[in-house]
Amino acid sequence: MQLNEMQTKWAQETLDKTAGKLAKVSRRSKDKIPYTTVNGVHDDKSGEGAIGWWTNGFWGGMMWQMYTLTGEEFYKEVAQDNERKLDANLMDYNKLDHDNGFKWLPTAVANYRVSGDPASRNRGLLAAANLAGRYNSAGRFIRAWNNWDDTADRTGWAIIDCMMNLPLLYWASEELGDPRFYQIAVNHANTARECFVRGDGSVNHIVSFDPVSGGMIESFGGQGYGVGSSWTRGQSWGLYGFTLSYLHTKDAAFLETAERIANYFIANIPESGLIPVDFRQPADVTWEDSTAAAIAACGLIELAKLKEGRQSGIYLDAALKMLKALTEKSFNWNEEEDELLTKCSAAYHEKEHEFSIIYGDYYFLEALMKLTGKELFIW
Ligand code: GLY
């Protein structure tokens, strides 16, 4: 991947400005685990009842990226505080699910990679063992969610997002010299290739399997517009997730899948560079999801590193187009307010749209760290 002079300057200046704002934000929010903002102020998911929320690793991840960038102990301490608070979740079986990767890769595993702390290694391995325990060997998939307080039975459900949690298993296998975790991750990724990724490179969000026979039953629209639609964050999880499975396994089928999703994604990026909630949402709906743009940008930058020449340039240009659009039109540069990205959406059918979400901010920062060659590799 080769950035030209202008691209290099843009990436460095944008990272400097973002880090400048985060220096202030993190001092204000150091005792919290934020998910969103209310009137420009971070909320806090670290309390009892909220500590199991799936996004609770991203704040720690941002702090580790900031520590890597600046070397300031402050960021390390905030990240470690986030990690310790997550212990309450690690001890609560009912609140553990396939999102263990999102929670403990950017916190405990990142800490272990930086400091070698055995307590962090232990947390990462416990989270990985729990994730592996969700494997359904008849269907060769990892179960996504638990049954919540509603009527849906999710025993046989898997979701595309899980591709981003597999790196916890790749890490555990390597750490322990035990192939079981790797085998589960690869089997899940192969099932996802077959059952989630469509011929045109778009992906399903949720697929349900018979949990006993393992046979695929049907797919659901999930957080997207509907069955057969194209929820953009799901496309991004697939794009980046299959790229990561390729990086960890070197299986060419995963690279082909990642590129198929990437090429579909690029073909659907609107002129504005801003990403809708669903590529197949009705034409009169204007809701955007900045998180999808930031996550896809990270995946595309990794693909640009893997490819050469024209194809590498296509991936890099698409990532930069989205990142620039975010900074120009969907970003809060006011240093007195806590969010970076605006216009994030959790799900198409939720009432609220276009607010700030912490993982959007995390992946935006990660993308800039990648472009400037400073990233702490989390996944
Ligand atoms: N992993 C859940 C989401 O992307 O909303």
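Residues numbered from 1 in each chain as written. Predicted model: local features only at pLDDT ≥ 70, side-chain atom pairs only at ≥ 80, totals over all residues. Heavy atoms only, no water.

> Please set out the overall build of the protein chain residue by residue, giving values where relevant.
Per the secondary structure count, the protein chain includes 13 helices and 7 strands. Against the globule reference of 21 Å for 379 residues, the protein chain gives a C-alpha radius of gyration of 19 Å, in line with a compact fold. C-alpha extents for the protein chain along the principal axes are approximately 55 × 45 × 40 Å. Out of the 379 residues in the protein chain, the part that is buried amounts to 62%. Of the contacts formed within the protein chain by residues at least 6 apart in sequence, a portion of 69% connects residues at least 24 apart. With an accessible surface of roughly 14500 Å², the protein chain has 50% of that area assigned to carbon and sulfur atoms. Once the 38 positive and 51 negative side-chain charges of the protein chain are each reduced to a mean point, those two points are 2 Å apart. (Helix = DSSP H or I, 4+ residues; strand = E, 2+ residues; numbered from the N terminus. Rg over C-alpha atoms; globule rule 2.2 N^0.38 Å. Buried < 20%, exposed > 50% of the residue type's maximum accessible area, 1.4 Å probe, protein only. Contact = heavy atoms within 4.5 Å. Areas by Shrake-Rupley, 256 points an atom, 1.4 Å probe, with all protein chains shown as cover. Lys, Arg positive; Asp, Glu negative; His and termini not counted. Charge placed at Lys NZ, Arg CZ, Asp CG, Glu CD.)

> Break down the site of the ligand for me, with residues and values.
The environment of the ligand is formed by W54, D161, Q223, W231, R233, W237 and Y359. Taking Q223, its side chain carries an N or O atom lying 2.7 Å from an oxygen atom of the ligand. In this structure, an oxygen atom belonging to the ligand sits 2.9 Å away from a side-chain N or O atom of W237. In isolation the ligand offers 200 Å² of accessible surface; the protein chains occlude 94% of this area. Its residues placed into classes, the shell around the ligand shows 4 nonpolar, 1 polar and 2 charged. (Near = heavy atom within 4 Å. Polar contact = N/O pair within 3.5 Å; in protein donor to acceptor, adjacent residues only side chain to side chain. Nonpolar A, V, L, I, M, F, W, Y, C, P; charged D, E, K, R; others polar.)

> Tell me what's going on with the packing of helix 2 (residues 58-70) against helix 3 (residues 73-85), and back it up with residues and numbers.
Two measures define how a pair of helices packs: the angle their axes make with one another and the distance between the axes. Two elements in contact, helix 2 and helix 3, have axes separated by 8 Å at closest approach and are oriented at 160 degrees. Compared by their axis directions, helix 2 and helix 3 come out roughly antiparallel. For the pair helix 2 and helix 3, the sense of crossing is left-handed. Contacts from W59, G60, M63, W64, M66, Y67 and T70 in helix 2 reach E73, Y75, K76, V78, A79, Q80 and N82 in helix 3. Of the residues contributing to the contact of helix 2 with helix 3, the split by class is 8 nonpolar, 4 polar and 2 charged. (Axes fitted to C-alpha atoms, helices over the stretch in contact; angles between N-to-C directions. Parallel < 35°, antiparallel > 145°, perpendicular 65-115°, else oblique. Left-handed = near helix turned anticlockwise from the far one by under 90°.)

> Describe the pattern of salt bridges, naming the residues involved and giving the relevant values.
Inspection of every chain in the model, using the stated rule, returns 20 salt bridges. Note that E302 is salt-bridged to K305, the shortest N-O span being 3.0 Å. Here K305 and E302 lie together in helix 11 (residues 290-306), a separation of 3 residues that amounts to about one turn. Note on E302: relative accessible area 5%, which makes it buried. Through salt bridges that share partners, E302, K305, E366, K370 and E375 make up one connected network. (Salt bridge = Lys/Arg side-chain N within 4 Å of Asp/Glu carboxyl O.)

> Can you lay out the packing of aromatic side chains for me, pointing to particular residues and giving the numbers?
Each aromatic ring pair is described using two quantities: the centre-to-centre distance and the angle formed by the ring planes. Considering all chains together, one arrives at 33 aromatic pairs under this definition. With 5.4 Å between their ring centres and 45 degrees between their planes, W145 and W148 make a pair best called tilted. Among the residues examined, W148 registers a relative accessible area of 43% and is labelled partly exposed. A network of ring pairs unites the aromatic residues W54, F58, F102, W237, Y240, Y359, Y362, Y363 and W379 as a single cluster. Geometry around W53 places K45 over its ring, the cationic atom sitting 5.4 Å from the centre. Here the guanidinium or amino end of K250 rests over the ring plane of Y246, the centre of that ring lying 5.5 Å away. (Phe/Tyr/Trp six-rings, centres within 6.5 Å; stacked < 30°, edge-to-face > 60°. Lys NZ or Arg CZ within 6 Å of the ring centre and 35° of its normal.)

> Residues and numbers for the packing of helix 9 (residues 232-249) against helix 13 (residues 358-371), please.
At their nearest, the axes of helix 9 and helix 13 sit 14 Å apart, and the two run at 40 degrees to each other. The angle between the axes of helix 9 and helix 13 places the two elements in the oblique class. In this structure, helix 9 meets helix 13 at a crossing whose hand is left-handed. Here R233, W237 and Y240 of helix 9 lie close against helix 13, whose contacting residues are Y359, Y363, E366 and K370. Grouping the constituent residues of the contact of helix 9 with helix 13 by class yields 4 nonpolar, no polar and 3 charged.

> Report on the pairing of strand 7 (residues 216-220), specifying residues and quantitative values.
Sheet topology places strand 6 (residues 206-209) next to strand 7; 4 bridges connect them, and they run antiparallel. Among the inter-strand pairings, S208 is bridged to a residue of strand 7, identified as E218. The antiparallel pairing of strand 6 with strand 7 creates a hairpin that spans 6 residues between the two strands, and G214 there sits at a positive phi of about 90 degrees. (Pairing = 2+ DSSP bridges.)

> Now, about the side chain of E375: what can you tell me, with residues and values included?
Secondary-structure assignment places E375 in the segment after helix 13. A polar side-chain atom of E375 sits 2.9 Å from a polar atom in the side chain of K370. Residues in contact with E375, not counting those within four places in the same chain, are Q65, Y240, E302, K305, E366, M369 and K370.

> Please provide a residue-by-residue account of helix 7 (residues 166-176), values included.
Of all 11 residues in helix 7, 8 are buried, a share of seventy percent or more. All of the buried residues in helix 7 are L166, P167, L168, L169, Y170, W171, A172 and S173. Where the residues of helix 7 are buried, they touch helix 5 (100-115), helix 6 (118-132), strand 4 (141-142), helix 8 (179-195) and helix 9. Phi turns positive one or two residues past the end of helix 7, at G177, with a value near 65 degrees.

> Which residues make up helix 5, and what values go with them?
For helix 5, spanning 16 residues, the distance from its first C-alpha to its last is 21 Å, which sits close to the expected 22 Å at 1.5 Å a residue. Most of helix 5 sits inside the fold, with 13 of its 16 residues counted as buried. Where helix 5 terminates, the next one or two residues include G116, which has phi positive at roughly 75 degrees. (Expected span 1.5 Å × (residues − 1).)

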